[in-house]
Structures are given as C-alpha cells and as structure tokens.
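Now for the letters of each chain:
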Amino acid sequence: MERRIGVYICHCGTNIAGIVDVEAVTEFAQKLPFVVIARDYKYMCSDPGQELIRQDIKELGLNRIVVASCSPLMHERTYRRVCQESGLNPYLFEMANIREHCSWVTEDHSAATDKAKALVSAAVRRVFYQEPLETKEVPVNPNTLVVGGGIAGIQAALEIADSRHKVYLVEREPSIGGHMSQLDKTFPTLDCSACILTPKMSLVGSHPYIELMSYSEVVEVSGYVGNFKAKIKKKARYVDVDKCTGCGECANVCPVEVPNEFDLGLGQRKAIYRPFPQAVPNVFAVDKQGYPPCRVACPAGVNAQGYIALISQGKFKEAVEILRRTMPFAGVCGRVCTHPCESECERGKVDESVSIRSLKRFMADYELKVGREKAAPIERTKEDKVAIIGSGPAGLACAYDLIKEGYPVSVFEAAPQSGGLLRYGIPEYRLPKKVLDNEISYIKELGVKIKTNTPVKNLEDIFNKGYEAIFLATGAGISQKMGIPHEDAKGVIHALDFLKQVSLGIKVDLGERVAVIGGGNAAVDAARTAHRLGAREVSIIYRRSRAEIPAASTEVDEAEREGVNLHILAAPVRVLTKDNQLAGIQCIRMELGEPDASGRRRPVPIEGSEFDMSVDNVIIAIGQAVDKAMLPKELEYTGWGTLAVDQVTLQTDIEGVFAGGDVVSGPADVIAGIAAGKEAAISIDRYLRGVDLKEGRPTTIKRVKEVSKEGVETKAKPAMPTLDLEKREGFTEVELGFDEKVAIEEAKRCLNCGVCSECMECVKACQAGAINQEMEEETVEVEIGNILIATGYDAFDPSPLYHYGYGRLDNVITALEFERMINASGPTEGEVLLKDGSSPKTVGIIHCVGSRDKKYHEYCSQVCCMYSMKFGHLIREHVPGAQVYEFYIDLRCVGKAFEEFYNRILEEGTIFIRGRPAEITDVAESPEEQDKLIIVSEDTLIGRQRRIPVDMVVLSTALQPRSDAEEVARLFSIGRSADGFFLEKHPKLDPVATMSDGIFVVGCCQSAKDIPQSVAQASAAAARALAMISAGSIEVEAATAAIDEELCSGCKICYDLCPFHAISFDEEKRVCQVNETLCKGCGVCVAACPSGANTGRHFTTEQLMAEIEGVLV
Amino acid sequence: MRYYSYFPGCSAEATASPLGLSVPPVAKELDMDLIELEDWNCCGSSPYGSVDKLEATCMAARNLALAEKRGFDLVTPCSSCYITLDGADSHLKEYPALRDQVNQALAAGNLDYHGGVRVRHLAEVLYSDVTPDVIGAKVSKSLKGLKVASYYGCQLVRPAVGFDDPESPRSLDELVASLGADVVSWQLKARCCGGSLVMSEQDLALELINKLLRNAQENGAQCLVTPCPLCQINLDAYQSQVNSKFKTNYNLPVLFLTQLIGVALGIKPNALGLQRNIVSPMKVLAPYL
Amino acid sequence: MTNTIVKAPAAEVSFIDEVCSIPGGEAIRSCIQCGMCTGSCPTASRWDYTPRQVIAMVRGELRDELLSSNSMWFCASCYTCTVRCPRDIKPTDIMHALEIIAIRDGLSTKRSRTPVMYKCFVDSAKGNGRVYELGMMLKLFLQTNPFAALKMAPVGLSLLLHKRMPLRPSRIKGRGELKAILDKARALGGAK
C-alpha cells in the first residue's frame, strides 16, 4: 500500500519553539518522501491539536503519523489513541522527542533546529516500515498483595478490603503498626498516635477480606501486571497464631531478657514476646537466634544458657532438669569439667566469661542440699537389651541416654564400685564421693542395672546372654612408664595406682619427701593427695614451663598454696637407688626450643645440668594407656594402642559392638567421655532399629551469628570461695561453691546469646498449648493482580557524627528514642529522664541530623521540623518549667495547620536558635557548664558563636531508605531515585505507580513524608489497584519478541537470558517460543539470537536501520 | 628495608630540632631508609599560601619535582609541610591551568612536575607501613605505666586524608599503645593549638593551648606526644607563658612521637634530643631510660 | 576551571565570581548559611565577621568591607569547618583566597599582626629557600611592635638555650634556580 505520512510539529508553548525553529522543521518535513502533510501547532496534545490529526487522517487519507513533540513517556498514549479513534492502527504512529532531546538540552538555536530535523527525518523513515500490531487483553486477578504493615500498608489494605476484594498483608515484624505505633503524639493536632492507629490495626486483624501474614517476608515475585505470583516466607514464630490467646503467661515465666527493639533498647523484653500490648495479631513470638557459643562448644551439647537463665530467676530445680535433658552429671561436671564452654563464652569479650562450671555445680549442690526427689523409673518400651562395659563417664552417659529411649540397659564394671576414674582417679577433696554416688543413684533409679565386680573378657558371652548391642567404655587405666633406669625400684609408685588405693581406703606408705613426675591433673592430684597423707616435702617435676602445665591452672595454684613445690623445666634422668631401695632421683634442667607439632615449644635438655634430689618416693604421672589385657582378644587397635572404631558411629570391627571414651581416644577429659557415650547411644539406637548409622551425622549446628554487647556494663566474675588452708588436713572438699545470691548474680552476667534459651518453661506455662519449639519456617505462594509496596523507612543512625556524641555522651538521644520515652506505655512510662533518673531542666533539640547534609542525606526529611517542635511542646508539658532550645537551619511548616502550630510553640516559650550546631561537648569552660552537655553553635541571626549548656540533647534524625531497599527494589523490579527511595513513575502526575505496571509504592518507602501524606498515597494506590480490578482485564504490550521457527536452531540462549521467563522450549520441535503475554519486549533475546530467528516486533532491523539512516541525513 | 624520600622541613632543623634529631635513629631501628631529599626548600607553607598562591605552589612543586627524580614516597614528619605539599600536589592534579603555569615557572629552574610522587606523613607511614604490631614487637623497654595523651593537632588528620578519622583519630593512640604505654582518653586530642598565630595573636593562641593542657591533665596525662613541630613548640615552649597568664602550674612534657618511640626502642636520650625539650621529660621518663 | 587564580579581576567580574575562580572556592554558591563553620571555629570569637558571614558578604559583594576586616586572618588552618561543612564548601581555602586578594589589593588590616607575619615568613622562605625562624621573628617584631618582642623574649631565650634557635639561617644550594622559578611565576601573574 502506498505510504501517506503526516508529520506534526508541536511548539509546546515556548518549550520547544523558544529554541527550535519549528517553521523550519515543518518546512523540512514537508519535503521528505511520502510526507503528505506537515504542520506545526502550539499545543499538539490539546484537543484542537489532536483534532488536526484526526481530520487529516480522514480527509487526506493518511496511513502513517509522526508527531515531533515531547517524550513518549508523556504523550505516546495520547497520539496512539488519536490514531485508533481515527481508524488507524496505533502502531503506525511514531514520536520524535524534540523537547528533552533538543530544546531543553541546548541553548544553540540552529543546532537544536538541525537536531530536530534529524529526529523528524528518522521518525519519518522509520514509520514507513512500521506495521500494524494487535494488542491483547488479559484478565486481572482481583487479589492484592500489600507489603508492609505500617500506617500506609494498613490504610491501603483496608481500602481495598472494604470493597470486598481479597488482600494479603505481609509484615516482617511480629506485629503490624510500623513506626506510627512507636510514636506518642502526632503533629500538629497532638492526638495520640496509638489512639488513632490501633482501631485500624484491629480492623485489619479481623477483616474477612484481609489475610494478615505477620512475621513473614516476600521472597520471590514472578508474573506480570494482573497476574503476579509471590512466594512468602513465614518465619518460624514457635507460637501457633490460631491457638495463642495473647494471655502473656509465657512471657511471665521466660527467664531471658533482652533489649526491646520496639523501645529502641531503652526497655527490656523477654525471649518470648509481643512487641507492644496492642500488637496485631495479638500473638507472641519466640526469638531464637541459634545455639549459644557455650552450647556449641560443649562436646556433649549441654544447654548451658538454659540452666543459667533459670538460675538467674532462682529456679534452681528447673535448672538441673535442663542439664538432665542432656546428661546426668551436674555435680561431677560442675567440679571437674574442663569447661570448653567458658573459653567460647561471649561475655569473655566484654570482661570475663561466665563461671558456667561453677553455676552447674551450684544447682547440683542446691538440689543435694534441699533433697532430691527419687527419679521415676523409665518405662521399658524396647525389647533389645544393651550391655555397657565400664561404668566411667562414657559408659554411664551412654546408659543414661539409652534407658531414656526405653532400652533395657546393663552396665558391667570390673571394680568393686561404679564410676571409673571419677571414683578412683579424682581425689575426694576435689570430687566428694557422695556427689558421685547421688548422680549414679539417679541413673540407677531410672532403671539402669549396674553389675560391679564383673569383668568381661569375652564378648560372645554377652551376646549369648541375649544382649543385642555392646558398648565398650573400659577407659585407659594403666600408667605409662618413664623409660629411665631403676624405675621399678621400690618406692616408685604410679599415680593411678596411688590415687585408687587412697580412694579405696588402702593405706599407702609414703615417706617425708615425695617427687611427682608430670604436669597433668593426675600429677597435681597425686601431689596434693600425698601432701594430705602427711608427706612434708612434695615436689612436682615438669619438663616444660609453667605456662604449659596441662593441669587446670586453679588446681596448680591451690597445690602451691598448700605447699607443693614446682620444679619446672626439669626432667628425670634416672631413679637413684641404694640397695635396691629408692634413694632419690636425678634430673636434668631443660630449656625451651623450637615449637613442636602441638605448637608448644619443645623442651631441650641443657647438657651437663644434671642434679640430684633425695626423695623417699617417686610418683609417676606422665600418662595413661589402654590395658589390653583387660579387653576381649578379637578387637582391633590403632597404632596408639587404643581401640579402632569408625570416627562417626564408634562401631568397632565387630558388628553391634561400639566403643568410646578413653579406650578409643586415649586419656581425655570427663566431658569428652560423656560426649562419646552419647554418640554411642545414638549409634546403638539406630543399630537396633535398623536405621542407617551414618546418615545426617555429625549434625550441623546453627551457631548464633552475632551477639550484641551494646550497653553491657563490665562486671568481674565472683571468686570461688575455698577452704582455709589450715583446714585442709584431710580430704574435705577444697572449693566451697557459690551461695544462692552469688549464683543468681553470676547467672545474670550471661548475655543470652541465643536469646531463647530453650528452657521450655513457656511450653509448661502455656495452657492453650500454642507453643511449638520445633516449628520451622514455611513458604507459601499467593496469586495476585496488583502489589502495593509500603515498606517504610529506617531512622538515621547518628553514631557516625562523632561531634554530636551519640553513643559516646550520656543523654544524647535520637528522636525515636525520645518518642518512646515520652510515651505513656514506653519504658519510662512517659517520663523524660536523664541517665541518672532525674528530669532535665534544659533540653536542646537539633534539627536536620543526617538531613540536608551532603555527607549523609542531601534531602530534607520533611517531618523533623514539625516533630521537633512537637517535642518542644511535650517536654514543657511533661517537665514543668523546662527550657527548650530548638536549633534549626530553616523551619519548614508547610502543611495544613503547621504554621499555626509553630506560632503556638513560639508562644509557649520554646527558644529557637537559627544555626546548625557544630558539636556537643562535655568539656566545660566555665562553672555553669560543669556536668552539662554544651551545644556549640553559631546563632546565625546574632552572628556569634554560642555555647548553650543543657541536660539533654535530642537529635532530630533523618528518615532514610530501608537498609534492604536495594534487595526489595530488585525483588519487585522497581527503581530507586538518587536518594535511595523507591522511584515513582512520575513525580507529579503518577506519584504512586512505578515503571513496573501493577506495582505501586506508598508511604515513606517512596520518600520521607508525614502520616497524612502516607495515608493519602495509600488511598490513591488502592484506588489505582481497584480501578484495574474493576476493569477486569488489561491490555498488554504488542511490541513483543517473535521467533521464526524455521530459522531457530534451538540453542536456547534466549531461553536462559529472558528476565520474564517468557520463552519456552518446545522439546518436540526443538525450537524456542515466546509467550506474548509474558514478554515485555525488552529485546534482550533479539540481540542475543545468533541465527537471527528472533525479531522484536515494532523494533525490526528494517525499522531501526531506517531510523539510523534518517538521523544521519 | 623500606625506602622513602625524606623531607624534614625547616622547623626540624631549628625550633623543632628534637624532631630532626630523633627521626633518623628511630627510622633505622624500624628498617626504614629515609633518604633526605637533596637541596629541598621550604614547602610553601600556609602563610605562603595566604600571600601568593602561584608562588607558594611553585615552592611546593620544586620539592615534588625533585622527589620525582627518585620516585619513592615523599615522607615528612611535619604536619604543616604534609598538607602543604599534599594540597599543592592535588591542586596541581585537579587544575590543569595551574599546572601549566607552575610547569612554565619550574622550567626556569630546569625542573618539571608530572605528579608521580605520593606525599605522606611520617606518622601515617609508621602506622600504615611499619604498623603498631611490628613496632610493638621491637620494643625493648615497655612504657608500661606511663600515661600518654596523644595529641594529633589538626593537619595530620584534616582536611580528610583518609588514613584516620578527622574527628576522632586513633592512629597515634594505637602507636602509643604498641609501646606499652597507657593511652589517655581525652576529648581535645585533635583540636587546634593556634598554629603559627602564636606569633601574631599570642593571647588567642595561649587560650587554645591552655584548653588543651587542661583537658589532657584532667584526664590524667603525665605527658603528651605529637608528631607536629608547630604543635610541639606551642605546647612545650609556651607552657610557661600559659602558666603565668592563666595562673596554672602545668608541668607536662610534650614529646615528639619519634622521641617516645625511640625511648621504647631503647635509643639513648641524647640521640633523641630529649634534653632539648623545654619542659623536661626526664622525670616522667626516668623509669624507662 | 579557570587559570586566573592570581590575576587581578577585570572590573566587571563580581566578587563572588572572583572567589569562585580560586581553586577550592567553587562551592561558595551552595552555602545554606547554617553556621556549622562558625560553630566549629576555635577562633571565631575574634573575627569581625564570622566565617559564615564572610561567605554571606562575598555573596553580598561587600568586597572592601570584608577584605579590610580582620576576619580571615584569624583562620588557623585547623580545617574543622572544612570536614564538617554539610555542603562540602572549603571555608579554610576560601579564607586563604581572601587573604591573597586582600594583600594584593593592599586592603589587609593593620589590626592583626598576622598579615605582616605572613609576609615576613614569605620573605624569609624566598631569600634562603628555607625559613629562618629567628630572623623572621625579629623582622616581625621590628615591623609591628618592638616591645612585644620583650614579651616573647623568655620563649626565644629558652629555645636558644635548648639549642632550638640557630643563630645562622640554613640556605639551599639552588637559590638561583629557585629565584628563577619564582620570578617566572611572578611574570605569569603572581602578585607583587
């Protein structure tokens, strides 16, 4: 068909015509090929302008239209409609932008005119090749997603829901309400924020058309306008929203207190909490941050934070129960554990680690003191009998876990009494037998059978007696030899034998002078025991330096206090004998050389430094080994002489036989033995149930990431009281343990790293049975037609402004902190208080903190002037006679009744000083400045520097984009403006829409604004969404990609690139296809297609080449 | 060994001679080779920049051009020389017209400026290149128990130079701590001492100096330490003037950073010019010498 | 950017343009008169006009009034205003620029000894290639108030006694080259 093109040049008033010579352009256009008519007009977009085009189409039979005017963003739709109304396909229209691209960007008339001609020429050439395209209609899903439950989100949700359309309201906090719920009064009317907000919040909570998803976040969005899909992650709340009645009993019993975010850390909340009493939903949530470091560090996984939290509440019996969930040895471990937990304790980064071990001991002692109730035997639910050989910590821990699983368990012990090294290796003054007996009795009361004096030599026998599984935990019970001459002389004793004999009450003949060789706990135990038995001169000989002694340092200190001599950097060379009777020991001095494999410096003998010590006895304590003679023959050993087992399952080479503790690891500490016993119990249970032994082991533990130490005041840990030296004659226990008061105080030093301590007190307290500590997060998918984003703002953190002293100087607070303080339901119940509890007599309020500052935010935060003046009013209302200074740069009182409010505050007597303060200092320069905060500022209206001493400073902090605004923007494919807030489609004419159709932005996520503006935007966006819902369907872009199946090679490059998932692959034809409703016409696939099979409709190669040629004319 | 071109500055030869004396032995102990810039001239300091910008820039540029020949970083222990040389360098880079003029002038002295040298303050080199850790490891006489107030002054940290915070710097504190000394926390550690105005507006300068000494003393300082010659002279040589004007009785030694480091490294007092300090530091340093 | 940092302005050049044309002075137009500079200034109490007012006066074309005031001569170059200014203006640089113009135009105040002190300093640096502090100070006191020298005497004496005041200047070898450079600079438009 013959091309008949009409060209229309718009003056845009003087916008274009002031620079571009429109007549010349028109004349130029008139001469272009196929141009039938070229006209210019003052306002082409006006009705008469449009009418011109309509008429020409009709009268001159035009079939292609070019308008040269403003941006297509502005009026492309207008002119396409004109074409359509005149019977022309709207895609036969092309627009040239001679305003933004010409007149607005140059002052040079002729250059602008030349460029306008080029653009018109390009448009004319291009439109020649344009083809009619058909737009499609798609139905609109009538459901709406509102993201963010502040006042904007609430308002929008209610507007839409009231029209009986479904709304999903997603809020990431446990309650809706947003920042408005934190505010006290609202300017300029001074009505109570809560009073006007909470009715709306409860409406949301009960509205039949609103599905409230609190404590949830949108994690994925797909689809397009009218047909979105969103995935929403519901975080684990650990409380059933439907069952919880909001009674608060759980929080009453919760032992963990942490700073309350809602009160900006000015008040405390429990680990199970609701942010504030009027929360919607009125449901609690548990704050779990992961396992605390102490629990992660414990080889047995003991929940130390749990029992410490309960001790801090005086709930000592409940505290022991927490420990017993994991293992039975509170009293034992409370005394002899090597406490790896304390090394990891986060409190140690502030001052000193919490005395976790001593607290454990305290609760065991307490129970023993008040009397323990007999444990109820555990019901036997399983048939398979388990035999445990050895009754040390590993064996008993394994027995304990298995009996709790319902297995019949028997423990075989060769010695006359159970307990292993706990009984025979650790002296009474360190671990009283009654403590051990109590804990073993507890195990027996549960139903574990312990057969003492019963050595096991043959595993077959055990299996033959009907046991299905065996755990070998026989320990490492023989002493290692020194390998020096005469070490078998009479008078040389091995530490373990020595300690065992003493504990069995067998008399050991000791002389006056005793030398102990070694530096481990056994050496120190032997030395102190020898001392107690009457030896007058006891020496410990150790080959490295003091810092490297492996025994617990407190034990070494106590030994020295008791009179034991330390000979460090010395090693025995030979035992000196006289008539085969011990006479002394020869040693050599050592020095420290290069570090060895353990990282400690290797001791090297100093040649010729030998010296003799005359002693009556030598006790050897240089290590222990596994006694193979006591074990069944058929087992395999490692090169170290310990039993060989699978590292994860602890199974030996014999099926059904497991081993752990010292017999596998070599001599180790008690808690490692307990941990091994517990692992073995898991394996045995799995083995007996026929479940895979290895799957999911070792388990991964979620350690808490970061522990806030803000505001933690340093406090040293209490010293452990010990028995007076003169009273240490016999074997009375040396360490005396904490009393209740000390224990509670010490427990309060715990930082509650994991927040929830999993003490389970809330579960016990909840009558509704709403608490589920095992809850996991879940993800749901919803389908919606429109999305409203109302994610709000963050308050600016003024810490980087060092000169304002926030976080450094007391009584410098932020605006939001002040809101909580002045709020009747806040942490101070509405009292304005200084750190010392008194009321401020003078308060300085500093405007524009973080706003109007190139270093932070260049924009004005819009609300600070007004809320600052509100603060001025409230301070004077709450603290009669208080003087208030407002430091401002410019006062912006530009809303309804705002100026009147300013007048009111002026008349009330608040003093306004025009000037941005330079600093707040506590360095006084005169007596009246003493102990005050001094605001140093220029009073710019006087033209002088002033120093104003005040008691309190409120920083009117900026409103800034949420810290995760970038992720949210990406999630919803919306833009951000230079200031970081979400970008609206048009700042004046389309302030709530975004460049992504169907997605709207409202409230402070779009820019800083006050409540009325946020509410108005919310209603506006709701109206926009409802308009689409009531229309029922929408047109989608016709300029999509199109794939020529003949040419497509099926390489799928386009398939992978498409950001809208609009391309599918036909497996049968081996070609790609475009879903035209999903396609946005972005052109990525077109550019990427290697075979030229992919064309962008309305952006064909022909059209683009013509356009380029046109520009180049 | 680290190599640098060294620019002592005029003061280090005269009123700040303890600085000039103490830098070389300390540098040697710390494996730094400070090669003095041959025939360097006055940096073109701020008084000069307040009288004639182009001439002042030429003064600085002659030094920069001389330093370019060797190529190492140009290190000065003087805060004023530091910002003058560094400021001239960045202005020459930022303003091509100025650079053209300066290069025309330099040509008259057979020199040219290409902008190939980095200007650095000795304190920054000690902090960033040598590092407190390494200095700490070389300490032979720990200053444990000595309460030291680090005085940064202004031009070491302002206008923003990037290596330390302009309002609440910590580099000197870390260096002092590495020597084992107790770091005094005081509010005015980076506040102005009056600089060269002490010569023309003595009353004003003495007021500022008094504020600094009072704040340091109130926070328990036994002595102050500073890298800057001007600051040191103001606080040290004018301390008696302050005492008579304000009826105070300060007796606070003011050490150069290199002097204090030198003491901890076990360098002899003579070599550090300790006798040249007006307020004698011998008493407070006695336990460490 | 401009190359006229040291050239006399043509009569039609406004004062604000003159200041804007000096490296570091460009941002003066964006001042919002908040007073952060004055508040931060350790010497502001002595200024005839506060730092903020100085900027206002530049914009108000109060040229001679400002240049003959004592204001900028009290700038101690501490740069506190510069690091705190919320508009990234560099007041310290602007003060130095005003000092240069004041000296060049013979407007610098006699109520402060700073202008003379600066000139003595420059003369000393130029002549020797390095600053000779003793000579410079003596010159300063002779030119301003010889009696003030007496007040200074104890300080000078103690410096002398502590070997911190050499009696002879230090001179550079390349004084000839330096002179050539500075002469050329002056020919290119340097003041005086």
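Conventions adopted
Residues numbered from 1 in each chain as written. Chains lettered and ligands numbered in written order. Predicted model: local features only at pLDDT ≥ 70, side-chain atom pairs only at ≥ 80, totals over all residues. Heavy atoms only, no water. Pairing = 2+ DSSP bridges. Helix = DSSP H or I, 4+ residues; strand = E, 2+ residues; numbered from the N terminus. Axes fitted to C-alpha atoms, helices over the stretch in contact; angles between N-to-C directions. Contact = heavy atoms within 4.5 Å. Left-handed = near helix turned anticlockwise from the far one by under 90°. Nonpolar A, V, L, I, M, F, W, Y, C, P; charged D, E, K, R; others polar. Core = buried A, V, L, I, M, F, W, Y, C linked by side-chain atoms within 4.5 Å. Buried < 20%, exposed > 50% of the residue type's maximum accessible area, 1.4 Å probe, protein only. Buried area = accessible area lost by both parts, 1.4 Å probe. Salt bridge = Lys/Arg side-chain N within 4 Å of Asp/Glu carboxyl O. Polar contact = N/O pair within 3.5 Å; in protein donor to acceptor, adjacent residues only side chain to side chain. Patch = residues over 30% accessible without salt bridge, like charges linked within 9 Å, V, L, I, M, F, W, Y side chains within 5 Å. Areas by Shrake-Rupley, 256 points an atom, 1.4 Å probe, with all protein chains shown as cover. Domains from an automatic or database assignment. Parallel < 35°, antiparallel > 145°, perpendicular 65-115°, else oblique.

1. A closer look at the sheet that holds strand 1 (residues 2-6) of chain B
All names here are of chain B. Here four strands make up an open sheet; going across it, the order is 2-1-3-4 and the pairing parallel. Here the strands that pair on one side only, and so sit at the sheet edges, are strand 2 (32-36) and strand 4 (119-121). The average angle at which neighbouring strand axes cross in this sheet is 40 degrees, direction not considered. Examined bridge by bridge, strand 1 and strand 3 (residues 74-76) share two bridges and lie parallel to one another. Across the sheet, residue Ser5 finds its bridge partner in strand 3, namely Leu74. Against the sheet, helix 4 (residues 79-94) engages strand 3 and strand 4, with an angle of about 160 degrees to strand 4.

2. Topic: the packing of helix 3 (residues 47-60) of chain A against helix 4 (residues 72-85) of chain A
All names here are of chain A. Where helix 3 contacts helix 4, the axes come no closer than 9 Å and their chain directions differ by 35 degrees. In the packing of helix 3 onto helix 4, the handedness of the crossing is right-handed. Taking contact as the criterion, the partners of Gln50, Ile53, Arg54 and Ile57 in helix 3 are, on helix 4, Thr78, Tyr79, Arg81, Val82, Cys83 and Glu85. Within the contact of helix 3 with helix 4, the residues separate by chemical class into five nonpolar, two polar and three charged.

3. Focus: the nonpolar core
Membership of the largest hydrophobic core comes to 124 residues, with the highest contact counts inside it found for Trp186(B), Leu224(B), Tyr238(B) and Leu98(C). No other element matches helix 3 (residues 53-70) of chain B, which puts 10 residues into this core. Not counting residues within four places of it along the chain, the set of residues in contact with Tyr238(B) comprises Val198(B), Gln202(B), Leu206(B), Ile209(B), Ile233(B), Met152(C) and Val155(C). In terms of nonpolar packing, the next biggest core, distinct from the first, is built from 93 residues, Ala375(A), Leu422(A), Tyr442(A) and Ile671(A) among them.

4. Here's the deal with the interface of chain A and chain C
Contact residues are listed per partner, giving 21 residues for chain A and 20 residues for chain C. The junction of chain A with chain C conceals about 1,600 Å² of combined surface from both sides, 45% of it contributed by carbon and sulfur atoms. Our count for the contact surface shared by chain A and chain C stands at four salt bridges. With a shortest N-O distance of 3.2 Å, Lys855(A) and Asp88(C) are connected by a salt bridge. Our count for the contact surface shared by chain A and chain C stands at 16 residue pairs in polar contact (both at pLDDT 80 or more). Looking at the side of chain A that touches chain C, the elements that each hand over two or more residues are strand 41 (933-939) and strand 42 (944-950) of chain A.

5. What about the sheet that holds strand 3 (residues 64-69) of chain A?
Two pairing modes exist for strands in a sheet, parallel and antiparallel, and in both the strands are linked by backbone hydrogen bonds. Residues and elements named next belong to chain A. Taking strand neighbours across the sheet as the criterion, the four strands line up as 2-1-3-4 in an open arrangement whose pairing is parallel. A single partner strand is all that each edge strand has here, and the edge strands are strand 2 (35-41) and strand 4 (93-97). The sheet shows a mean angle of 15 degrees between the axes of neighbouring strands, taken without regard to direction. Pairing analysis gives six bridges linking strand 1 (residues 5-10) to strand 2, with the strands arranged parallel. Residue Gly6 lies in a different strand from strand 2, and its bridge partner there is Ile37. This element, helix 2 (residues 22-30), spans strand 1 and strand 2 of the sheet and lies at about 170 degrees to strand 2.

6. A few points about the side chain of His803(A)
One can find His803(A) in the loop between strand 35 (793-795) and strand 36 (812-814). Judged by its relative accessible area of 10%, His803(A) falls in the buried class. Beyond its immediate chain neighbours, meaning those up to four positions away, His803(A) contacts Arg808(A), Ala918(A), Glu919(A), Ile920(A), Glu167(B), Met36(C) and Arg84(C).

7. Digging into the pairing of strand 42 of chain A
Residues and elements named next belong to chain A. Note: strand 41 against strand 42, seven bridges, orientation antiparallel. Within the sheet, the bridge partner assigned to Ser937 lies in strand 42 and is Arg946. The turn joining strand 41 and strand 42, which pair antiparallel and follow one another in sequence, is formed by four residues; a positive phi near 85 degrees is taken by Gly943.

8. Quick word on the pattern of salt bridges
All names here are of chain A. All told, the structure shown has 111 salt bridges over all chains when counted by the stated rule. A salt bridge links Glu76 to Arg80, with the nearest nitrogen and oxygen atoms 3.8 Å apart. Of the two residues, Glu76 and Arg80 are both situated in helix 4; the distance of four residues between them amounts to about one turn of the helix. Given a relative accessible area of 25%, Glu76 falls into the partly exposed group. By relative accessible area, which is 16% here, Arg80 ends up buried. The salt bridge involving Glu1045 is made with Lys1069; its shortest N-O contact spans 3.3 Å.

9. Details of a nonpolar patch on the surface
A contiguous nonpolar patch, built from Met1105(A), Ile1108(A), Val1111(A) and Leu1112(A) and spanning about 390 Å² of accessible area, is present on the exposed surface. Topologically, Val1111(A) is positioned in helix 34 (residues 1101-1112).

10. Notes on the domain arrangement of chain C
Residues and elements named next belong to chain C. The domains assigned to chain C are domain 1 (15-104) and domain 2 (114-187). The gap between the C-alpha centroids of domain 1 and domain 2 is 28 Å. Contacts between the two partners involve four residues from domain 1 and, on the opposite side, four residues from domain 2. In total, domain 1 and domain 2 occlude about 340 Å² of area from one another, counting both sides; carbon and sulfur atoms represent 71% of this. Where domain 1 packs against domain 2, one counts zero salt bridges. Linking domain 1 with domain 2 are zero residue pairs in polar contact (both at pLDDT 80 or more), by the criterion used here. Its residues assigned to classes, the side of domain 1 that touches domain 2 shows three nonpolar, no polar and one charged.

11. Here's the deal with the environment of Ser193(A)
Looking at the secondary structure, you find Ser193(A) in helix 8 (residues 193-206). For the pair formed by Ser193(A) and Met180(A), sequence separation is 13 residues and the distance between their alpha carbons is 6.6 Å.

12. Brief notes about the packing of helix 12 (residues 316-326) of chain A against helix 15 (residues 356-370) of chain A
Residues and elements named next belong to chain A. Across the interface, helix 12 lies against helix 15 with an axial gap of 9 Å and an inter-helix angle of 120 degrees. It follows from the interaxial angle that helix 12 and helix 15 lie oblique. In this structure, helix 12 meets helix 15 at a crossing whose hand is left-handed. Facing helix 12, whose interface residues are Phe316, Lys317, Ala319, Val320, Leu323 and Arg324, helix 15 presents Lys360, Phe362, Met363, Tyr366, Glu367 and Val370. Looking at the contact of helix 12 with helix 15 residue by residue, the classes come out as eight nonpolar, no polar and four charged.

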